[in-house]
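What follows is the residue order along each chain.
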Number of protein chains: 4
Amino acid sequence: MARYDFASDNAAPATPETMAALAAANEGFASGYGTDAVCMRAAELIRGWLDADAEVRFVASGTAANGLSLATLCQPFEAVLAHEHAHICTDEAGAPGFFGHGLGLIPLPGGSGRIDPGALAEALALPDVSYRQSPGALSLTNATEYGAVYSPGELGPLIGQAKAAGLGVHLDGARLANAAAAGFDVKALARLGVDVLVIGGTKAGMTATEAVVVLDAARARRFDARLKQAGQLPSKARFLAAPFLGMLEEAALIRHAAHANAMAARLAAACPFPCAHAVETNAVFVEMDEAALARLHAAGWFVYRFTDGTVRFMCSWATTAEAVDELCHTLRSIA
Amino acid sequence: MARYDFASDNAAPATPETMAALAAANEGFASGYGTDAVCMRAAELIRGWLDADAEVRFVASGTAANGLSLATLCQPFEAVLAHEHAHICTDEAGAPGFFGHGLGLIPLPGGSGRIDPGALAEALALPDVSYRQSPGALSLTNATEYGAVYSPGELGPLIGQAKAAGLGVHLDGARLANAAAAGFDVKALARLGVDVLVIGGTKAGMTATEAVVVLDAARARRFDARLKQAGQLPSKARFLAAPFLGMLEEAALIRHAAHANAMAARLAAACPFPCAHAVETNAVFVEMDEAALARLHAAGWFVYRFTDGTVRFMCSWATTAEAVDELCHTLRSIA
Amino acid sequence: MARYDFASDNAAPATPETMAALAAANEGFASGYGTDAVCMRAAELIRGWLDADAEVRFVASGTAANGLSLATLCQPFEAVLAHEHAHICTDEAGAPGFFGHGLGLIPLPGGSGRIDPGALAEALALPDVSYRQSPGALSLTNATEYGAVYSPGELGPLIGQAKAAGLGVHLDGARLANAAAAGFDVKALARLGVDVLVIGGTKAGMTATEAVVVLDAARARRFDARLKQAGQLPSKARFLAAPFLGMLEEAALIRHAAHANAMAARLAAACPFPCAHAVETNAVFVEMDEAALARLHAAGWFVYRFTDGTVRFMCSWATTAEAVDELCHTLRSIA
Amino acid sequence: MARYDFASDNAAPATPETMAALAAANEGFASGYGTDAVCMRAAELIRGWLDADAEVRFVASGTAANGLSLATLCQPFEAVLAHEHAHICTDEAGAPGFFGHGLGLIPLPGGSGRIDPGALAEALALPDVSYRQSPGALSLTNATEYGAVYSPGELGPLIGQAKAAGLGVHLDGARLANAAAAGFDVKALARLGVDVLVIGGTKAGMTATEAVVVLDAARARRFDARLKQAGQLPSKARFLAAPFLGMLEEAALIRHAAHANAMAARLAAACPFPCAHAVETNAVFVEMDEAALARLHAAGWFVYRFTDGTVRFMCSWATTAEAVDELCHTLRSIA
């Protein structure tokens, strides 16, 4: 049977803190739809973590979280500027168009998932014509799909360009914990002008939950009705909030992410194949030909080629040094 | 602080079997998006319970489950026939129109949430004209929003009418467990011609999870892409499937629902206010004036007026006989 | 062969002024998508007629004009307050939900198509809850579907209520010309606070064209892209604008509408069946049993029962006194 | 003032046959929504022209016609395969996503707007995965955006590939008349397996009207409700059908298109700039640097750079040999 240890960080189980928080939240009767004490407390912790006032809600998937965020920022006849390999462009089956009712995507290039500032400038310089979906928002991902971490100094000019053009700004933080563990200051996000932020729970070691953080209060009008209509305001919301509560109360979020990042570094250090991107967080992308990949699969390790054609290895809170070493042993044997 | 024991069956915590199943599912790495062993096994148990072949998926809310089901059955320029007090008509913030892209609703009357067969016949007899959204599907709820249980003998003719008119049939089973515990034979559903079925987990004592069961294989084409685009195919799907696995492997689903039903019967028997609907499952609807309701609220019990103006008391797996007795004591004191 | 003279005001041909304007617009090459001289001049005439600054566009159907207007005013998780017999509620196949991406409708009662102010107040007083589509806009129709004319004194308080609640205001003016011919001061609309207005061309005797007038400039942002995406920004827009140019340059719009109104008065005066609504513009609604209607059909006159169950007779610019007299002769013979 | 003679074929006025047909259609009262004699007769002529049974409707814009056609063929979680420079990809402001409720586009390469068969094969060979919008339809354009004409022998294999993969086939015939005038046999379309076809009226010299032709009867179910909901079933439909009636009864459609094609040939022959694409119909694309284009603009001729960066000159039924010669004189002076 195939091993999924490195297939994705969403292949990992949930952390002990998540499970403990779920158990703790499972006490007695509670009001529904996000009005209970667990949701309140988790939202408070997130505001504290970000050092920002915000509306915080918990939804069951990153795709929904991103789609709802973008719908908050754009009209259907507009488009979202995003990296051409961003999750919203390549992996969400058109969810931005579904949640945004025809909302378009404008893919931009850039190394290791970071949007090239010049390409953004070019896109923003295009005239606003009726026959084209002009940009309504900029979407950034941190850490990027290639594990790169934008510094505040890199994010600032990109966000500045978008704001100057009147656009809203979305940040997909599916792996924000990994970026934070690598030194990114999450408290900079509000100050930099991000309007809506998604904090990934799933890939950070929680059960299926993501936090949607609306930093621009004007965007939050009737937000619960928006969520409800989209099937993302479950009555027993405490079970979506509890993992965040458990992971943030204990500072476990960063600790686990740091472990995942360290495991990726260990893997990269021992990997006989060349890395296609700098290993800044928990992902390792390697150049590997078809024959080698086939041998790896035959050896029982399930991993796959990513959008850029390289083979991706993801580490998570649950990745053990032993598994990394075992994998690297195999990699050396097939290189 | 207000007590939510009877506010809704979704105010209850999760059952021990649910929590145990979550813990058991939290072992090792697993493939994502519903392809793991927990999802497979839970789907198998549901097929067995229903005695039917079907595609089974797990989503995070009943609103999403219903919306996706109806979108599977209808075109945007069509409408869904449903009881005027059905959850999809009154409590989902227009989700059928969101998931169905403009899909309409045609509300039908009927006692205690059961659709009146004559009213259905009238609606189906209307000519198919371009300026009106003609029916594309019939939506039934069992148990109904008023706790009534359709017998197969009652469902048959309604479904028969719909099928004869070429419509698809959806069944909202948010409280199907309660109906089953009251004697409804769930194995009749496939035979009767239901095309898409939602089995409620939330109100049955699970965490936030619902099963979407597509009985008509033709409707399931590219169903995962439909779910993914709508943000309802979370990677860590095992945590949405596990509760069903736990509750069905142990027959806990029916046992807990039977307890909830019994608590409602106990409440109705001791309640000094007249019941507006027969108590067939876990809901008690009573006639109560504003002054009495205010006294009840003042006494710390949170309940509210339902769509028909009566005050609703919901029992759940977690409702204790003591709580019922305590509530009834209060009710007598304020009557 | 059936006669359609009184079936609808859209059964009439186009006025001589419309046809002359089409011919006049058909000169030489012109820039597209509403940027040509004909469109500019027609928009200017409309602004003059309304005595208001506004963005004006021309679309091919009233259903599209209304749907686009409502989408401009509301979010998908909101609803539009409208008379229960308003065209948008009963005759547009769910277009508000299509253009508004799930946008709901809240039907309100009121005599002869006028919204009851108390019913509006009740609807606005409902709490803003997540499970219900709360109102985002008020839609009014003048003249109403029953031919009634709101006075500015009647519109004012309705619009005032809506504005006080933060709602946008839409006015469906499919028969605004008839209202104006009956004395309604169209220059009051902007002053009263209408945000988006549709001026009907079709029923006023033009070819298939309607003017969308966006009075609130903030709502007009990227309006051409909205129209283009919805297939309502045709390149040869001059042919949609020309009829308005022809009818407004010559004051033909009011003259023809006054004739239609006069024909309805003539019909009502001679009609042996009781009128269900006061005849204020170009519509006559009569109480008529099935047998009488069948005799009328047998005599070759096609008319039909309207939403309220009465039989509707519509007059238009093309209705002749002879046709009215001939119809009334038949009516007397079948009474 | 700028001259628009060559800016687009939609800058031309309407043909005499169109205007005569509009006048002829403007007789007496008629039933609405496409049920009148003019619509019936125009549909019959189109069926005859195509030698195929089909449902035929008339809508006001090509964008709407294409969007509605694609919505008929695809689910929102699917995508349309189209040439990367197809009108639906570059010029419709995301209309496929609007009418298709999130429907995606998959751009394919190919010379002069013809889809490369190998690229189509590659796209169809991709596995059907949940995170990507898999193809639901193939969209072809004939004549292409670059004026190229697919022969039946070229269309056949492309359509065959699509059909073998279970896809529907749409053909955008905005300039089908030009293709036909260049020798394309329109009677081949139904035989080749096209499911929904749009026949352009606008660019063929009519007023704002396009014919939607549904060749696959199963796709036409409740088609009028689809059109009505989308605001594309105007009551006075006779004015959208009449131009087709006038142009097909007199064989004027082909005669005018042949003239447009001949004018393009004349232009290409005398043009001192190199042509980027073979001139097969009514378009001439030339390589021209910025300085030359600026001189052309300064000389009063409005034309613009197309998607491929070349400068496009469109001829129409109204283009005169004198205008071509005058333009070429200018072109020589600025070369």
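Bear in mind that the values here come from a model prediction, so they are computed numbers and not experimental data.

A.B. asks: Help me get a handle on the overall build of chain A, residues and values and all.
C.D. replies: When you go through chain A residue by residue, the secondary structure sums to 14 helices and ten strands. At 20 Å, chain A has a C-alpha radius of gyration in line with the 20 Å of a compact globule built from 335 residues. A buried classification covers 67% of the 335 residues belonging to chain A. When the accessible area of chain A is evaluated, it comes to approximately 10,400 Å², of which 55% is carbon and sulfur surface.

A.B. asks: Just give me the short version of the interface of chain A and chain B, but keep the residues and values in it.
C.D. replies: Put simply, an interface is often sized by how much accessible area is lost when its parts join up. Listed per partner, the contact involves 50 residues of chain A and 51 residues of chain B. Carbon and sulfur atoms supply 62% of the area buried between chain A and chain B, which totals about 4,000 Å² over both sides. Across the chain A-chain B interface, the total number found is 22 residue pairs in polar contact (both at pLDDT 80 or more). Broken down by secondary-structure element, the contributors of at least two residues to the side of chain A that touches chain B are α1 (16–25), α3 (62–73), α5 (95–99), α10 (223–229) and α11 (238–249) of chain A. Split by residue class, the side of chain A that touches chain B holds 25 nonpolar, 18 polar and seven charged.

A.B. asks: I'd like a rundown of the relation of the copies chain A and chain B, residues and numbers included.
C.D. replies: Each copy superposes on the other: chain A lies on chain B with an RMSD of 0.0 Å after a rotation of 180° and an axial shift of 0.0 Å. On the angle and the small slide along the axis, the relation comes out as a two-fold axis. Among all residues of chain A, the minimum C-alpha distance to the rotation axis is found for alanine 60 of chain A, at 3.1 Å. Counting the interface residues of chain A, we find that 100% of their copies in chain B are interface residues as well, pointing to one common contact surface.

A.B. asks: Tell me about the packing of helix α6 (residues 117–125) of chain D against helix α7 (residues 152–164) of chain D, residues and numbers included.
C.D. replies: Residues and elements named next belong to chain D. Interhelical geometry of α6 versus α7 gives an angle of 5° and a closest axis separation of 10 Å. Overall, the two elements α6 and α7 adopt an arrangement that is roughly parallel. Packed against α6, whose contacting residues are Pro117, Leu120, Ala121 and Leu124, the element α7 presents Leu158, Gln161 and Ala162 at the interface. Its residues placed into classes, the contact of α6 with α7 shows six nonpolar, one polar and no charged.

A.B. asks: Describe the environment of alanine 30 of chain C, naming the residues involved and giving the relevant values.
C.D. replies: With respect to the element layout, alanine 30 of chain C can be found in the loop between α1 (16–25) and α2 (37–50). Separated by 208 residues in sequence, alanine 30 of chain C and arginine 238 of chain C have C-alpha atoms that sit 8.4 Å apart. Once residues within four sequence positions are removed from consideration, alanine 30 of chain C is found in contact with Asp36 and Arg238 of chain C together with Tyr4 and Ala11 of chain D.

Reading the values: the criteria
Residues numbered from 1 in each chain as written. Chains lettered and ligands numbered in written order. Predicted model: local features only at pLDDT ≥ 70, side-chain atom pairs only at ≥ 80, totals over all residues. Heavy atoms only, no water. Helix = DSSP H or I, 4+ residues; strand = E, 2+ residues; numbered from the N terminus. Rg over C-alpha atoms; globule rule 2.2 N^0.38 Å. Buried < 20%, exposed > 50% of the residue type's maximum accessible area, 1.4 Å probe, protein only. Areas by Shrake-Rupley, 256 points an atom, 1.4 Å probe, with all protein chains shown as cover. Contact = heavy atoms within 4.5 Å. Buried area = accessible area lost by both parts, 1.4 Å probe. Polar contact = N/O pair within 3.5 Å; in protein donor to acceptor, adjacent residues only side chain to side chain. Nonpolar A, V, L, I, M, F, W, Y, C, P; charged D, E, K, R; others polar. Least-squares fit on C-alpha atoms with pLDDT ≥ 70 in both. Axes fitted to C-alpha atoms, helices over the stretch in contact; angles between N-to-C directions. Parallel < 35°, antiparallel > 145°, perpendicular 65-115°, else oblique.

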